[in-house]
Amino acid sequence: MSGEEVDGESVKGRPGLSGFILKILACLTMTADHIGAILFPGVIVLRAIGRVSFPLFAFLSAEGSRYSHRPVIRFLTIAALGLVCEIVYDVFSGRWYGNILLSLAASAGLNILMKEAKTAAAGGNRSRAIVWAAAFAVAAVGVYFLCRYVGVDYGFAGVMTPVALCLFDFRGLEVPRVLAALDCFAVRLLIFAGCLVWLTFSSAVPGLQAWCLCALVPVLLYSGRPGKYKLKYAFYAYYPLHLLVIELISVIIS
């Protein structure tokens, strides 16, 4: 199978699910989760299906951080939409929610800092690398306390999952061969599995959260290709829109 371009970079094609299909699966499982949480709280199977959604979004977020040529714009877009959703939700519910977009925005921001540190280190600029690494460490500690005392969806484990998946992203950098060998799908899959275990045991309901391990199946089948349709902003918009529809149905039913 011939390769294709992902944001201007050639990616070796392999049979399997495209990034677009993974996004569809993430949205469908997320919708099932929210239908279960809001409309049918007694139907546990819907919540179990929903445990697959965040791992898929986290994996796709890491892929976005790896291939985006405008990471700052991407971070600001996710953060802005997350803040708007949070404000609307808090006004109507009267409580802080810490929606998933805020979690993914924090991940994207940390990935930007980590990438800058790795770029400086690979370029031999030690002082610059130290500055960026320190900025990453401070930001990570800040995110930890934000997750602990304010709260965001899936907590610190959720925020750090896309960051861990980008740990060995050395594309375009001059690094030792041993490190370059770690930047492969097999290593990312192992890291992903470890993060899912972390997500499970950091959850208040580990028995239910353990269903997130099912996300390993579609990720294992990931082809590395984005797919014919990207619809990036449509997927961002789907989050608040589907919640609005479900909440309206809940109001009508009640």
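K.L.:
I would appreciate a short explanation of the overall build of the protein chain in the present structure.
P.N.:
Each helix and strand in the protein chain was counted, giving twelve helices and two strands. Starting at the N terminus and ending at the C terminus, the protein chain contains elements arranged as β-β-α-α-α-α-α-α-α-α-α-α-α-α. Taking 254 residues into account, the globule formula puts the C-alpha radius of gyration at 18 Å, and the protein chain, at 19 Å, falls close to it. Seen through its principal axes, the protein chain has C-alpha atoms that stretch 60 × 45 × 30 Å. Among the 254 residues that make up the protein chain, the fraction classed as buried is 43%. Element-wise, carbon and sulfur atoms account for 72% of the exposed surface of the protein chain, whose accessible area totals about 13200 Å². In the protein chain, the 21 positive side-chain charges and the 14 negative ones have mean positions that sit 4 Å from each other.

K.L.:
What am I meant to see in the pattern of salt bridges here?
P.N.:
Think of it this way: side chains of opposite charge can pair up when their charged atoms draw near. Overall, the coordinates contain ten salt bridges when judged by the stated rule. Taking the shortest distance from any N to any O, the salt bridge between aspartate 33 and arginine 51 comes out at 2.6 Å. Highlighted residues: aspartate 33 in helix H1 (residues 19-38) and arginine 51 in the loop between helix H2 (44-50) and helix H3 (53-67), separated in sequence by 18 residues. Just as aspartate 33 is buried, arginine 51 falls in that class too. For the salt bridge of glutamate 116 with arginine 128, the shortest nitrogen-to-oxygen distance reads 3.9 Å.

K.L.:
Is there a simple way to explain the nonpolar core in this structure?
P.N.:
Generally speaking, soluble globular proteins have nonpolar side chains that are buried together. With 52 residues, the main nonpolar core has Phe59 and Leu110 as its most contacted residues. For this core, the elements supplying multiple residues, two or more each, are H1, H3, helix H4 (71-93), helix H5 (100-122), helix H6 (126-149), helix H7 (155-165), helix H9 (185-202) and helix H12 (232-253). With nine residues, H5 is the single largest residue contributor to this core. Non-local contacts of leucine 110, meaning those with residues more than four positions away in its chain, are made with Phe136, Ala139, Ala140, Val143, Val159, Met160 and Val163.

K.L.:
When you look at the environment of valine 159 in this model, what are you seeing that I'm missing?
P.N.:
Mapped onto the elements of the fold, valine 159 is located in helix H7. For the pair valine 159 and proline 176, spaced 17 residues apart in sequence, the C-alpha separation works out to 28 Å. Apart from the residues within four sequence positions on either side, valine 159 is in contact with Ser103, Ala106, Ser107, Leu110, Val143, Cys147 and Val152.

K.L.:
What's the story with H12 in this structure? I'm lost.
P.N.:
Residues separated by three or four positions in an α-helix point in the same direction, a consequence of the helix having 3.6 residues per turn. With 22 residues, H12 extends 32 Å between its outermost C-alpha atoms, agreeing within 8% with the 32 Å of an ideal straight helix rising 1.5 Å per residue. At tyrosine 238, H12 is deflected by roughly 35 degrees, the largest bend along its length, and proline proline 240 occurs up to four residues later in sequence. Residues of H12 that are buried in the fold lie against H1, H4 and H5.

K.L.:
Help me out: how do you make sense of the confidence of the model for the protein chain in this one?
P.N.:
Low pLDDT means the predicted atomic positions in that stretch should not be read closely. On average, residues of the protein chain carry a pLDDT of 89, and 94% of them reach 70 or more. Below a pLDDT of 50 lies the segment residues 1-11, which in the model reaches 29 contacts outside its immediate sequence neighbourhood of four places, other chains included.

K.L.:
What exactly am I supposed to notice about the environment of alanine 164 here?
P.N.:
Relative to the assigned elements, alanine 164 resides in helix H7. Counting along the chain gives 49 residues from alanine 164 to lysine 115, while the straight-line C-alpha distance between them is 12 Å. Setting aside its immediate chain neighbours within four residues, alanine 164 contacts Ile191 and Cys195.

K.L.:
Would you explain the state of the cysteines in this entry?
P.N.:
Among covalent bonds in proteins, the disulfide is the one between the sulfur atoms of two cysteines. Under the criterion given, the structure shown has zero disulfides. In this structure cysteine 147 is not part of a disulfide, and its nearest cysteine sulfur, from cysteine 195, lies 14 Å away. Not engaged in a disulfide, the cysteine cysteine 212 finds its nearest cysteine sulfur in cysteine 214; these two sulfurs lie 8.3 Å apart.

Reading the values: the criteria
Residues numbered from 1 in each chain as written. Predicted model: local features only at pLDDT ≥ 70, side-chain atom pairs only at ≥ 80, totals over all residues. Heavy atoms only, no water. Helix = DSSP H or I, 4+ residues; strand = E, 2+ residues; numbered from the N terminus. Rg over C-alpha atoms; globule rule 2.2 N^0.38 Å. Buried < 20%, exposed > 50% of the residue type's maximum accessible area, 1.4 Å probe, protein only. Areas by Shrake-Rupley, 256 points an atom, 1.4 Å probe, with all protein chains shown as cover. Lys, Arg positive; Asp, Glu negative; His and termini not counted. Charge placed at Lys NZ, Arg CZ, Asp CG, Glu CD. Salt bridge = Lys/Arg side-chain N within 4 Å of Asp/Glu carboxyl O. Core = buried A, V, L, I, M, F, W, Y, C linked by side-chain atoms within 4.5 Å. Contact = heavy atoms within 4.5 Å. Expected span 1.5 Å × (residues − 1). Bend = angle between axes of the 7 residues up to and from the residue. pLDDT = per-residue confidence, 0-100. Disulfide = S-S within 2.5 Å.

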